[in-house]
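Chain by chain, the residues:
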Amino acid sequence: MKVMKMEEALNRYGSAIRWGAFQKAWDFQAGKENPMPDFNALRNVKVTGYESLFRKVQDEGNTVLQTVEIRYINNDRLVEKSLTDEQKWHFDVEQKHWRLDSAFPQFE
């Protein structure tokens, strides 16, 4: 099994969010104890920007804290909004994959 590197995982997740592939982004969720987003409602969301503002690697490289600004438009309202997404990632040694512990972004 190929080990996914941190940069690759964070970039894939960011790309999934940017392109509106929210179910693909959801696959990065760790234990899935966070509430699953309403993927039907997310069809109205168009992401216009995804920018990493801060990143800190901890726990000998096995944990990453990242702050991201996500800009988006809800097609029902046509007003650009932004949200700050505080992400906590950990490396799952068994799966050899990076997992997102924090909740999925709330597009309101």
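Rules behind the numbers
Residues numbered from 1 in each chain as written. Predicted model: local features only at pLDDT ≥ 70, side-chain atom pairs only at ≥ 80, totals over all residues. Heavy atoms only, no water. Helix = DSSP H or I, 4+ residues; strand = E, 2+ residues; numbered from the N terminus. pLDDT = per-residue confidence, 0-100. Contact = heavy atoms within 4.5 Å. Salt bridge = Lys/Arg side-chain N within 4 Å of Asp/Glu carboxyl O. Buried < 20%, exposed > 50% of the residue type's maximum accessible area, 1.4 Å probe, protein only. Core = buried A, V, L, I, M, F, W, Y, C linked by side-chain atoms within 4.5 Å. Pairing = 2+ DSSP bridges. Axes fitted to C-alpha atoms, helices over the stretch in contact; angles between N-to-C directions.

**Considering unusual backbone geometry**
Here comes step 1: The backbone of D59 sits at a positive phi, close to 55°, despite the residue not being glycine.
Here comes step 2: As for its position among the elements, D59 is in the loop between β1 (45-58) and β2 (63-74).
Here comes step 3: If you check the backbone angles, K96 has positive phi at about 55° while not being a glycine.

**Considering the confidence of the model for the protein**
Here comes step 1: Scored by pLDDT, the protein has a mean of 92; 97% of the residues are at 70 or more.
Here comes step 2: Mean pLDDT across the secondary structure elements of the protein bottoms out at strand β4 (residues 97-100), with 94, and peaks at β2, with 97.

**Some words on the side chain of H97**
Here comes step 1: Counting through the fold element by element, H97 comes out in strand β4.
Here comes step 2: In this structure H97 touches M4, F28, H90, F91 and D92, once residues within four positions along its chain are discounted.

**Observations regarding the pattern of salt bridges**
Here comes step 1: By the definition in use, this model includes 3 salt bridges.
Here comes step 2: Between E69 and R71 there is a salt bridge; the shortest N-O distance is 3.2 Å.
Here comes step 3: Taking relative accessible area as the criterion, R71 reaches 27% and is therefore assigned partly exposed.

**Here we look at the nonpolar core**
Here comes step 1: Among the nonpolar cores identified, the biggest contains 27 residues, and Y13, I17, F22, I70, W89, F104 and F107 are the most heavily contacted of them.
Here comes step 2: Broken down by secondary-structure element, the contributors of at least two residues to this core are α1 (6-18), α2 (22-26), β1, β2, β3 (80-92) and β4.
Here comes step 3: At 6 residues, α1 tops the list of elements feeding residues into this core.
Here comes step 4: Discounting chain neighbours no more than four positions away, the residues touching F104 are Y13, I17, F22, A25, W26, Q29, P37 and L42.

**What to know about the pairing of β4**
Here comes step 1: Side chains of β4 alternate between two faces, with H97 and R99 and W98 and L100 buried alike.
Here comes step 2: Of the strand pairs in this sheet, β3 and β4 are connected by 4 bridges, and their pairing is antiparallel. Opposite F91, over in β4, you have W98 as the bridge partner.
Here comes step 3: Linking β3 to β4, which pair antiparallel, is a turn of 4 residues; within it K96 sits at a positive phi near 55°.

**What to know about the sheet that holds β1**
Here comes step 1: Strands sit in the order β1-β2-β3-β4 across an open sheet of 4 strands; the sheet is antiparallel. Lying at the two open borders of the sheet, with one neighbouring strand each, are β1 and β4. For this sheet, the mean angle separating the axes of adjacent strands, direction not counted, is 30°.
Here comes step 2: By the bridge criterion, 12 bridges tie β1 to β2 in an arrangement that is antiparallel. Bridge pairing in β2 places V45 opposite N74.
Here comes step 3: Across the sheet, α1 lies against β1, β2, β3 and β4, angled at about 160° from β1, the strand it touches most.

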